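Each chain, letter by letter, is given below.
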Amino acid sequence: MRRGFLVGAAFGLAVLLGGAYVLQPAEVSPAAIRASVEQSPDLLNRAWGLPVASSYGRTLTWQANGSFCGPASIANLFRSIGEEETSEATVLDGTGWCRLGFCWMGLTLDELAEVASAQTDRNVTVLRDLTPEEFRRHLRASNDPGKRYIVNFSREAIFGAGVGHHSPIGGYLEAEDLVFVLDVNERFKPWLVSPEKLYSAVNTLDGDRKRGLLLIE
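Computed from a predicted model, the values in this text were never measured in an experiment.

Peer 1: I tried to follow the overall build of the chain on my own but got confused; where do I start?
Peer 2: Scanning the chain from N- to C-terminus turns up 10 helices and 8 strands. Of the contacts made within the chain by residues no fewer than 6 positions apart, 65% connect residues no fewer than 24 positions apart. By element, 55% of the accessible surface of the chain is carried by carbon and sulfur atoms, the whole surface being about 10,600 Å².

Here it is, written out as structure tokens:
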């Protein structure tokens, strides 16, 4: 009996440690970040002045671990619109997702929509299989204070390494043709990128379905 318990405990620990290892994203160097996206102070300052970006108060709560980009994105977004669930824990409370302090292999876009819908009466819509023109229309709409977007994209398509990721969109600098991504990973911090480059990172597969946008309004 005792041996069975110890074996089971050891196996459980191995699963947890293995999961923690699997959830470590592929390394992206600071140099690769600088070379891949725009983070000049002047442009970031202008981006933070956009109507939606300013509702985040120029601050973000960083994701607690590599698997929590989805819950962290929802928590930050909810804070920007005055919802009560503004931490990863309160966002996940009662949803059944991400038990034991991590989201196994992360959350898909549909799973993240399910989490958001459980905590708000607002409309939550998954947008995928968008054409480049449709994607641009939503980027322009991301400056509307009545709308909030989260983008699900492949880091590899932008930075040359990394896995799938969720982060809020802070808005669109139309004159510069740059999207403001409020990256919830503290190593990356917020950055700007061209719509074409972001679209290429969204137009990728997560399992057997395309990535996309989550719209909350």
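From this point, the narrative continues.
Peer 1: Please explain the packing of helix α8 (residues 132–141) against helix α10 (residues 195–202) as it appears in this structure.
Peer 2: For any two helices packed against each other, the geometry comes down to the angle between their axes and how far apart the axes lie. Two elements in contact, α8 and α10, have axes whose closest approach is 11 Å; the angle formed by their N-to-C orientations is 115°. Relative to α10, the element α8 is oriented roughly perpendicular. The crossing of α8 and α10 is right-handed. For the pair α8 and α10, contact is made by Pro-132, Phe-135, Arg-136 and Leu-139 and by Pro-195, Glu-196, Leu-198, Tyr-199 and Val-202, respectively.

Peer 1: Help me understand the pairing of strand β4 (residues 178–181) in this model?
Peer 2: A regular strand places its side chains so that they alternate between the two faces of the sheet. Residues Leu-178 and Phe-180 line one face of β4 and the alternating positions Val-179 and Val-181 line the opposite face, and both faces are buried. The sheet contact formed by strand β3 (residues 164–173) and β4 spans 4 bridges and is antiparallel. When the sheet's bridge partners are listed, Tyr-172 is paired in β4 with Val-179. In this sheet, strand β5 (residues 191–193) lies alongside β4 in antiparallel orientation, the contact comprising 3 bridges. Bridged to Phe-180 within β5 is Leu-192.

Peer 1: Could you clarify how one ought to interpret the nonpolar core in this entry?
Peer 2: The nonpolar side chains of soluble globular proteins are, as a tendency, buried together. By size, the foremost hydrophobic cluster in this structure holds 33 residues, and its most contacted members are Tyr-56, Ile-74, Leu-77, Phe-78, Phe-180, Leu-192 and Leu-214. Discounting residues that sit within four places of it in the chain, Phe-78 has contacts with Glu-83, Glu-85, Thr-86, Val-91, Ala-116, Gln-119, Thr-120 and Ile-216. Counting 26 residues, the second largest nonpolar core, distinct from the first, contains Ile-33, Leu-127, Ala-161 and Leu-198.

Peer 1: How should I be thinking about the state of the cysteines in this particular structure?
Peer 2: Where two cysteines share a covalent bond between their sulfur atoms, that bond is called a disulfide. Throughout the structure, instances matching the rule amount to 1 disulfide. Paired by a disulfide, Cys-98 and Cys-103 hold their sulfur atoms 2.0 Å apart. Across the disulfide from Cys-98 to Cys-103, rotation about the S-S bond amounts to roughly 100°, and the bridge is consequently right-handed. Assigned by exposure class, Cys-98 and Cys-103 land together as buried. Cys-103 supplies the cysteine sulfur nearest to Cys-69, a cysteine that is in no disulfide, at a spacing of 7.9 Å.

Peer 1: What's the story with the confidence of the model for the chain in this structure? I'm lost.
Peer 2: Caution applies to low-pLDDT parts of the model: their predicted coordinates are not meant to be read in detail. With 88% of its residues at a pLDDT of at least 70, the chain reaches an overall mean of 90. Across residues 1–23, where pLDDT falls below 50, the model places 12 contacts with residues more than four positions away in sequence or in other chains.

Peer 1: I keep staring at the sheet that holds β4 and nothing clicks. Help me out?
Peer 2: Paired through their backbone hydrogen bonds, the strands of a sheet run either parallel or antiparallel. Spatially, the 6 strands line up as an open sheet ordered β1-β8-β2-β3-β4-β5, and their pairing is antiparallel. Of all the strands in the sheet, the pair left with one neighbour each is β1 (124–128) and β5. Looking at each pair of strands side by side, their axes are set apart by 35° on average, direction ignored.

Rules of the game
Residues numbered from 1 in each chain as written. Predicted model: local features only at pLDDT ≥ 70, side-chain atom pairs only at ≥ 80, totals over all residues. Heavy atoms only, no water. Helix = DSSP H or I, 4+ residues; strand = E, 2+ residues; numbered from the N terminus. Contact = heavy atoms within 4.5 Å. Areas by Shrake-Rupley, 256 points an atom, 1.4 Å probe, with all protein chains shown as cover. Axes fitted to C-alpha atoms, helices over the stretch in contact; angles between N-to-C directions. Parallel < 35°, antiparallel > 145°, perpendicular 65-115°, else oblique. Left-handed = near helix turned anticlockwise from the far one by under 90°. Buried < 20%, exposed > 50% of the residue type's maximum accessible area, 1.4 Å probe, protein only. Pairing = 2+ DSSP bridges. Core = buried A, V, L, I, M, F, W, Y, C linked by side-chain atoms within 4.5 Å. Disulfide = S-S within 2.5 Å. pLDDT = per-residue confidence, 0-100.

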